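Chains, contacts and geometry: an overview
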Amino acid sequence: MESISALNIAGLPKIYFGAGKFPELHTIIPSFGRNVLILTGGESLKKSGRFKALALQLNQAQVKYKVVSVWEEPTTERIDAIASEFRKMPVEVVVAIGGGSVIDFGKAVSAMLVADGSVKNYLEGVGTKKPSGTKVPFIAVPTTAGTGSEVTKNAVVCDRKEGYKKSLRHDAYTPDVALVDPELTLTLPRHITIACGLDAVSQLIEAYTSINVDVSTDSLALKALWGASESLLPLALGQSNDISLRSKMSYAALVSGIRFSRSGLGAVHGIAGPVGGLFPVPHGIACGKLLFPVMTFVIKKIVDEKNITAQKRFADIGKIFTGEAGGDDIFYCKQFLSTLDKWTRTLKLPQFSRFGMTAAHMEKAIALADSKNSPAILSKEEMKVILEVVR
Ligand SMILES: [Fe+2]
């Protein structure tokens with residue numbers, strides 16, 4: 001029987017979740033102030049007319065706003081440039097409306113508006129200064145369903161010149177508000193829907209089976225895994241306009257962020273991290289591609305090692321994926337793997353070589369990779385076998 005583990009629960013944002021919630025944003029913003037910096041990503045929000053409606057409502061409420069478009073991944077240079085431009089202005093609240101990168105941009109800018117110097121100084125493993133945790137209030141509005149960044153305490157920042165991706169992290173950098181409206185994801189292109197969905201699913205699986213068990217979010221995670229498994233393939237195969245499916249995936253992404261903030265992630269992310277830092281494979285594609293081969297090794301190891309606790313956790317997921325009853329844990333572990341195999345074959349994700357992965361990249365990625373909080377530690381030889389399969 002599992003014991004009750006120690007808990008380390010950081011705060012959550014105030015979460016507004018549901019289809020049709022976006023129009024409430026103009027009533028939430030003024031509770032933090034009347035001078036707003038809005039960061040947005042692509043054009044879809046503007047084309048949909050949603051941004052025009054928000055702008056009108058802010059004008060009517062006499063809320064002053066500035067808009068900055070951010071297209072790329074958050075880089076140290078761009079965060080520094082935005083922060084130094086807006087430090088001179090009275091910004092009382094930062095709002096980020098976009099995918100995971102835009103939310104991470106907003107998170108980092110909200111922190112750096114009240115910090116000195118470059119964000120580089122505060123990055124884990126790079127800088128020498130500790131983040132203070134002081135920030136301008138921050139509202140996250142995701143338009144994709146994947147990273148769960150709307151509820152996490154870190155922003156992933158990359159430095160192109162130095163070639164790294166590192167986190168700016170502090171409990172207090174968790175957004176103050178996460179407004180999650182699945183309607184915003186209805187117009188996402190298929191490849192982004194798939195990549196983001198695979199990221200959310202990988203995060204949920206790895207966080208639910210992590211050695212850092214967090215019983216307080218178990219039931220949330222299992223319900224989110226059910227929703228993700230119900231919606232991943234239908235969304236990819238033509239039902240992208242179904243708001244019920246979109247809601248299940250947005251919920252999965254949201255809960256994945258809540259869960260992995262507490263439990264951490266596993267070997268899929270332990271390999272996908274360095275892989276994404278070395279060449280431009282989309283994070284969700286990297287996770288999705290690695291999921292089946294990594295989990296095949298993990299399941300084999302936990303069975304060989306008679307790790308009953310881990311088997312039970314994977315069996316919980318297998319049960320949800322199949323909807324069947326009556327088998328034992330080993331049976332459901334196999335069902336779990338066969339579901340991942342079916343997703344892999346159906347989605348036909350591209351090999352990493354399509355994104356420029358070379359043999360040299362592979363060696364570097366293996367050297368940097370780790371198994372994070374996976375219940376089975378993968379050896380460098382096993383990682384090599386896995387990367388040869390997906391290269
Ligand atoms: Fe991820």
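Counting secondary structure elements, the protein chain contains 14 helices and eight strands. Taking 391 residues into account, the globule formula puts the C-alpha radius of gyration at 21 Å, and the protein chain, at 21 Å, falls close to it. Along the longest, intermediate and shortest principal axes, the C-alpha atoms of the protein chain span 65 × 45 × 45 Å. Put simply, 78% of the contacts in the protein chain that link residues at least 6 apart link residues at least 24 apart. A total of about 16600 Å² of accessible surface is found on the protein chain, and carbon and sulfur atoms cover 54% of it. If you average the places of the 46 positive and of the 37 negative side-chain charges in the protein chain, the two averages end up 4 Å apart.

Right, let's talk about the coordination of the iron ion for a bit. Within the protein, the atoms that donate to the iron ion are Asp199 (OD), Gln203 (OE1), His269 (NE2) and His283 (NE2), at distances of 2.1 to 2.3 Å. Taken together, the four donor atoms coordinating the iron ion span angles of 85 to 156 degrees at the metal, a pattern that classifies the geometry as irregular. For the iron ion, all donor residues lie on one chain, and their spacing in sequence is D-x3-Q-x65-H-x13-H. Of this pair, glutamine 203 sits in helix H6 (residues 190-208) while histidine 283 is found in helix H10 (residues 283-304), placing the two residues 80 residues apart along the sequence.

In a regular helix each residue adds 1.5 Å, so 15 residues correspond to 21 Å; helix H11 (residues 308-322) covers 20 Å between its end C-alpha atoms and thus fits that length. Among the structural elements, H6, helix H7 (218-236), helix H8 (243-263), H10 and helix H12 (329-347) are those in contact with the buried residues of H11. Of the residues one or two after H11, glycine 323 is the one with positive phi, at around 70 degrees.

On to the sheet that holds strand S4 (residues 93-98). Strand pairing in a sheet takes place through backbone hydrogen bonds and is either antiparallel or parallel in direction. With respect to topology, six strands assemble into an open sheet ordered S1-S8-S5-S4-S2-S3, the strand pairing being parallel. Edge strands, defined here as strands with exactly one partner in the open sheet, are strand S1 (14-17) and strand S3 (64-69). Looking at each pair of strands side by side, their axes are set apart by 15 degrees on average, direction ignored. Strand direction decides the pairing type here: strand S5 (residues 138-142) and strand S8 (residues 177-180), joined by two bridges, are parallel. Considered in S8, the bridge of isoleucine 139 is made with valine 177. Packed onto the sheet, helix H3 (residues 50-60) meets strand S2 (35-40), S3 and S4 and runs at close to 155 degrees relative to S3. The sheet strands contacting helix H5 (residues 100-112) are S2, S4 and S5, and the helix crosses S4 at an angle near 170 degrees.

For the rest of this paragraph, the subject is the domain arrangement of the protein chain. Here the protein chain is described as being made up of domain 1 (14-184) and domain 2 (190-390). Each of domain 1 and domain 2 has a C-alpha centre, and these two points are 27 Å apart. Counting from both sides, the interface comprises 16 residues of domain 1 and, opposite them, 21 residues of domain 2. Of the roughly 1400 Å² buried between domain 1 and domain 2 on both sides combined, carbon and sulfur atoms contribute 69%. Along the contact surface separating domain 1 from domain 2 lie zero salt bridges. For the interface between domain 1 and domain 2, the tally reads two residue pairs in polar contact (both at pLDDT 80 or more). In the side of domain 1 that touches domain 2, the residues fall into seven nonpolar, six polar and three charged.

Rules of the game
- Residues numbered from 1 in each chain as written.
- Predicted model: local features only at pLDDT ≥ 70, side-chain atom pairs only at ≥ 80, totals over all residues.
- Heavy atoms only, no water.
- Helix = DSSP H or I, 4+ residues; strand = E, 2+ residues; numbered from the N terminus.
- Rg over C-alpha atoms; globule rule 2.2 N^0.38 Å.
- Contact = heavy atoms within 4.5 Å.
- Areas by Shrake-Rupley, 256 points an atom, 1.4 Å probe, with all protein chains shown as cover.
- Lys, Arg positive; Asp, Glu negative; His and termini not counted.
- Charge placed at Lys NZ, Arg CZ, Asp CG, Glu CD.
- Donors = N, O, S within 2.8 Å, 3.2 Å for Na, K, Ca; no water.
- Tetrahedral: all angles 85-135°; square planar, octahedral: opposite > 155°, others 65-115°.
- Expected span 1.5 Å × (residues − 1).
- Pairing = 2+ DSSP bridges.
- Axes fitted to C-alpha atoms, helices over the stretch in contact; angles between N-to-C directions.
- Domains from an automatic or database assignment.
- Buried area = accessible area lost by both parts, 1.4 Å probe.
- Salt bridge = Lys/Arg side-chain N within 4 Å of Asp/Glu carboxyl O.
- Polar contact = N/O pair within 3.5 Å; in protein donor to acceptor, adjacent residues only side chain to side chain.
- Nonpolar A, V, L, I, M, F, W, Y, C, P; charged D, E, K, R; others polar.

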